[in-house]
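Structural overview
The chain contents come next:
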Amino acid sequence: MVEIEIDGKKVEVQEGSMVMDAANKVGTYIPHFCYHKKLSIAANCRMCLVDVEKAPKPLPACATPVTAGMIVRTASDKAVKAQKGVMEFLLINHPLDCPICDQGGECQLQDLAVGYGGSASRYEEEKRVVPPKDVGPLISMKEMNRCIHCTRCVRFGQEVAGVMELGMLGRGEHSEITTFVGNTVNSELSGNMIDLCPVGALTSKPFRYAARTWELSRRKSVSPHDSIGSNLIVQVKGGKVMRVLPLENEDVNECWITDKDRFAYEALDSEERLTKPMLKQDGKWQEVEWQVALEYVAHGLRNIRHEHGASAIAALATPYSTLEELTLLQKVVRGMGSENIDFRLRQSDFALDHQVNPWLGMSIVEFSELNRALIIGSFLRKDHPLLTARLRQAVKSGAKISILHATDDDLLMPVANKIIAAPSAWLSALSEVVVAVAQAKSVAVPAGFEGVEASPAAKQTAASLLSGTSKAVFLGNAAAQHPQASQLHAAAQWIAEQTGAKLGYLTEGGNTVGGYLANAIPGKDGVNALQAFAQPRKAYVLLNAEPELDSHDPQVATAALKQAEMVVVMSAYKHGADYADVLLPIAPFTETSGTFVNAEGRAQSFNGTVKPLGDARPAWKVLRVLGNLLGLQNFDYETSESIRAEVIGAETDLSARLSNVSKLALQAATGAANGGLERVADVPIHFTDAIARRSPALLQTQDGQAPKAWLSAALSQKLGIVAGDRVSVKQGQGSAVLTADIDKKLPENVVRVAAAHASTANLGSMFGAIVVEKA
């Protein structure tokens, strides 16, 4: 540690840190634009010049390392004169458009110009003009005259998002920030550049001219859209969500959020919002009062239980529902005498039920400190953008990542070892890693693995895992949805135990872990989500679920719903008109209170930020009243907090209740893969849940486009298909006509066709045999 003095205050800081860090520790504010604690030092705005004793001229605080005994004055005449000089230069070309600038009221330049700017400009020459640029539907670069070249946006792309989408062109006053040859900005974290911009050069396109910052009230919330539960500030005006920003939390999302968290709010006021309870009478939809709708539901469920038995009733939810909603849903179903409740609609192998409560296996902070990791079956960058950003930082510090997957997507970071194989070959690839680990450690190969030969890639992966100190094996969304998920888990668990690594799941939704804690999974006599559709029931209650988009096999799900006597849809949106009998409008996460338990087992409660739209009601209240109408015991909750208290108490760290360890026997893959064409289905980032898939801005992005049928180069040659051709894709009883594209890194017999989109909803399961023909 080194002791220095800042404005008369003594402070000890780490050797090698900068004057700015010391000032932050003391609580002394030094004006700055280009400095940001999460980005590298650029020292190009010069606003943080300070007076250092014995230095001939002022020095930039962000780039001056501390030395023992250093004396710094941040507000001496010399420092202030330098800072005022810099401010005059920064304002030379800056337009005077504060009254119409979206940044007005929260602008660093505006704030500092008050303290360090002159009352009049001495500059009489012409100001420079920078042409506007179109970089896509999320970021507006219309007023690039305002740019002060702090390069925060450029550094963010390079260092955090992993892709340099913006760069600087020209020199001196002809410098400008631009994209490469008219490209748009497509990173899934791009919206953070808007927050980073200290002036109004980069602004939010959807929020543009919608409200002034001082008209907005700020409310805290938690994102349901991905597994880490990013902390949000929801900004509200006149009872409407106007903007969503990150709430800094170093342990969860640092100071970033994904574009999905930031821009999905547009769907909260979509025309598709369901605002009144509706019943289908004689094939026509009619709006009714809540009392009528709920009595109809209670009467219908009682009748079905009476005629067909309680097991004819099933309830299905999604992991984007709160802990409280899932708790009451399972209580209603179990109160009726049925055990058919599930929230894992995309899963297909349930052999681990009641053994494993999948979670990250560590804290998010520990995750970013790993130096070896094996990731199995994950579309990592799109499924978990913020976890990937943490992994990117770890790789920069020397971490080595190995992946086993069916696609070789660009993760925007160096990957040490890759095993790219068709989904049906994942278990045999993992079996090879098991054998390689056993050989490297000179231990006996597990029973049944004697005939397995380890490939060079498997040996390298094993060697990598055995060499690190802080290491982990992770199963991604695709591995959890895989038909052999339990066997993949058993192999991953053996590898983790033998290499001294932790075992974890990169979970799917904002409340996947909470679903297990709420016991929203079938009991011993109950059926899981796959069986609930494969063996059709007479009544279905759907909470936040659109089975035609959210199921492992939408064909089977839709057929089951159409034959049912009663389907109750509890949703914030109008959907399921062709199979539903009752539509109950429930509040999305911004209009209700509740709790999400993220991947690391952290319970985060939040309150509603606006009133429910129309006659929509929080789902937990609807389920409570339904419980009362059905005459069920213990349904007298008055607040969502009382439900939370019953399920998890006042705890926020629930990791002690979670375990990834199963007792399942380890099995080697038997028999060769069939060699026929097989599908791998990703869930595109902006189609994961009901809110995201209805956001106009997100649907205009590259990730929001309709899915294509991705073929390997060898397969496209064999079928005589070129990129851009229309192809007919058949699976099970259904087919879809899609545009073909070529992915040279795909295994030869794999066709990548996304799930969760209307254009592919007629196809069968997310994995399995598929037929592709020229349309």
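Residues numbered from 1 in each chain as written. Predicted model: local features only at pLDDT ≥ 70, side-chain atom pairs only at ≥ 80, totals over all residues. Heavy atoms only, no water.

As a reminder of what qualifies: UniProt positions are given in the numbering used here, feature names are shortened, and annotations may be inferred rather than shown by experiment.
By the naming in an unreviewed UniProt entry, the protein is NADH-quinone oxidoreductase, taken from Herbaspirillum rhizosphaerae. Entered under Sequence similarities (unreviewed entry) in the UniProt record, the comment concerning the protein runs "Belongs to the complex I 75 kDa subunit family."

**Section: the overall build of the protein**
To be explicit about the condition: Strands are runs of DSSP state E lasting at least two residues, helices are runs of H or I lasting at least four, and both sets are numbered from the N terminus onward. Categorising residues by exposure relies on relative accessible area from a 1.4 Å probe, with only protein chains included: less than 20% of the type maximum marks a residue as buried, more than 50% marks it as exposed, and the intermediate range marks it as partly exposed. We call two residues in contact when some of their heavy atoms are within 4.5 Å. Surface accessibility follows the Shrake-Rupley procedure with a 1.4 Å probe radius. Residue values consider only the protein chains on display as shielding. All tallies of charge rest on Lys and Arg as positive and Asp and Glu as negative; His and the ends of each chain are not included. Charge placement uses NZ in Lys and CZ in Arg. For Asp and Glu, CG and CD serve respectively.
Secondary structure assignment for the protein yields 23 helices and 34 strands. Taken over the C-alpha atoms alone, the protein extends approximately 90 × 70 × 55 Å along its principal axes. A buried classification covers 61% of the 775 residues belonging to the protein. Within the protein, counting contacts between residues at least 6 apart in sequence, those at least 24 apart form 72% of the total. Of the accessible surface of the protein, which amounts to about 30300 Å², a share of 51% is contributed by carbon and sulfur atoms. Between the centroid of the 78 positive side chains of the protein and the centroid of its 85 negative side chains there is a distance of 3 Å.

**Re the sheet that holds strand E31 (residues 734-742)**
Our working rule: Pairs of strands are assigned from DSSP output, requiring at least two bridges between the strands. The axes used here are C-alpha line fits, helices contributing only the stretch in contact, and every angle between their N-to-C directions lies in the interval 0 to 180 degrees.
Pairing is mixed in the open sheet, where seven strands are placed in the order E33-E28-E32-E29-E31-E30-E34. Every other strand in the sheet has two partners, leaving strand E33 (767-769) and strand E34 (771-774) as the edge strands with one partner each. Neighbour-to-neighbour, the strand axes of the sheet open up by a mean angle of 35°, direction not taken into account. Sheet analysis places strand E28 (residues 678-680) next to strand E32 (residues 750-753), joined by three bridges and oriented parallel. Each bridged residue has a counterpart across the sheet, and for arginine 679 the counterpart in E32 is valine 751.

**What about unusual backbone geometry?**
Notably, aspartate 7 is not glycine yet its phi reads approximately 50°, a positive angle. For aspartate 7, the position within the fold is in the loop between strand E1 (2-6) and strand E2 (9-13). For aspartate 7, a relative accessible area of 35% puts it in the partly exposed group. At arginine 46, a residue that is not glycine, the phi angle is positive and equals roughly 65°. The topology assignment puts arginine 46 in the loop between helix H1 (19-26) and strand E3 (49-52).

**Some points on helix H21 (residues 640-648)**
Applicable threshold: To obtain the arc, one takes the directions from the helix axis to the C-beta atoms.
Every buried residue of H21 is accounted for by Ser640, Ile643, Arg644, Val647 and Ile648. For H21, the angular spread of the buried residues around the axis is 100°, confining them to a single face. Where H21 is buried, its residues contact helix H8 (323-335), helix H16 (512-517), strand E26 (594-597), strand E27 (603-606) and helix H20 (619-629). At the exit of H21 stands glycine 649, carrying a positive phi of roughly 65°.

**Considerations on empty space enclosed by the protein**
Spelled out, the test is: Think of a 1 Å grid over the protein atoms and nothing else: a 1.4 Å probe that fits but is trapped marks a cavity, an open set flanked by protein within 12 Å on at least five of seven lines marks a pocket, and residues with an atom within 4 Å of a point count as lining. Grid points are joined across faces, edges and corners, and a volume is the space filled by probe spheres set on the points.
If you walk through the whole model with that rule in mind, you get 12 cavities of 30 Å³ or more. When its volume is computed, the largest cavity comes out at roughly 320 Å³. In terms of lining residues, the largest cavity is bounded by 25 residues, among which Gln347, Pro358, Ala480, Tyr505 and Tyr516 are the most central. Among the secondary structure elements, those contributing two or more residues to the lining of the largest cavity are helix H14 (477-481), helix H15 (485-499) and H16. With three residues, the single largest contributor to the lining of the largest cavity is H14.

**Here we look at the UniProt feature "domain: 4Fe-4S Mo/W bis-MGD-type" (unreviewed entry) in the protein**
Residues annotated by UniProt as "domain: 4Fe-4S Mo/W bis-MGD-type" (unreviewed entry) correspond here to residues 216-272. Secondary structure across residues 216-272 divides into 9% helix and 35% strand, with the first and last C-alpha atoms of the span separated by 25 Å.

**Focus on the pairing of strand E19 (residues 400-405)**
E19 sits mainly inside the fold: five of its six residues count as buried. Relative to E19, strand E18 (residues 372-376) is paired through five bridges, and the arrangement is parallel. Bridge pairing links leucine 374 to serine 402 in E19. Taken together, the four bridges between E19 and strand E20 (residues 417-420) define a ladder with parallel strand orientation. From the neighbouring strand, isoleucine 403 faces E20, where its bridge partner is lysine 418.

**So, the UniProt feature "domain: 4Fe-4S His(Cys)3-ligated-type" (unreviewed entry) in the protein**
Per the UniProt entry, the sites bearing "domain: 4Fe-4S His(Cys)3-ligated-type" (unreviewed entry) are residues 78-117 in this numbering. The straight-line gap between the two end C-alpha atoms of residues 78-117 is 16 Å; of that span, 60% is helix and 0% is strand.

**As for the sheet that holds strand E11 (residues 217-222)**
Judged by pairing direction, the sheet is antiparallel, and its three strands sit side by side in the order E11-E12-E13 without closing on themselves. On the outer flanks of this sheet lie E11 and strand E13 (240-246), each paired with one strand and no other. The average undirected angle you get between the axes of adjacent strands in this sheet is 35°. Alignment of strand E12 (residues 231-237) against E13, held across six bridges, turns out to be antiparallel. By the bridge assignment, lysine 237 is partnered in E13 with lysine 240.

**So, the environment of glycine 594**
One can find glycine 594 in strand E26. Separated by 23 residues in the primary sequence, glycine 594 and serine 571 place their C-alpha atoms 16 Å from one another. Setting aside residues no more than four positions away along its own chain, glycine 594 makes contact with Thr322, Glu324, Gln604, Ser605, Phe606 and Ser640.

**Section: the pairing of strand E8 (residues 166-169)**
The pairing of E8 with strand E9 (residues 176-179) spans four bridges and is antiparallel. Counted as the bridge partner of methionine 168 is isoleucine 177 from E9. A loop of six residues connects E8 with E9, the two strands running antiparallel in sequence, and glycine 170 in this loop sits at a positive phi of about 80°.

**A closer look at the packing of aromatic side chains**
Which entries qualify depends on this criterion: Any Phe, Tyr or Trp ring, taking Trp's six-membered ring, that has another such ring centre within 6.5 Å forms a pair; planes under 30 degrees apart are called stacked, those over 60 apart edge-to-face, and the others tilted. Criterion for a charge above a ring: Arg CZ or Lys NZ at most 6 Å from the ring centre, at most 35 degrees from the ring normal.
Under the definition given, this model contains seven aromatic pairs. Taken together, a centroid distance of 5.2 Å and an interplanar angle of 55° make the contact between phenylalanine 367 and phenylalanine 474 tilted. With a gap of 107 residues between them, phenylalanine 367 in helix H9 (residues 364-367) and phenylalanine 474 in strand E21 (residues 471-475) connect regions that are remote in the sequence. The buried category is assigned to phenylalanine 474, whose relative accessible area is 0%. If you follow arginine 243 out to its NZ or CZ, it ends over the ring of phenylalanine 207, 4.4 Å from the centre. Taking NZ or CZ as reference, lysine 331 lies 5.6 Å from the ring centre of phenylalanine 635, over its face.

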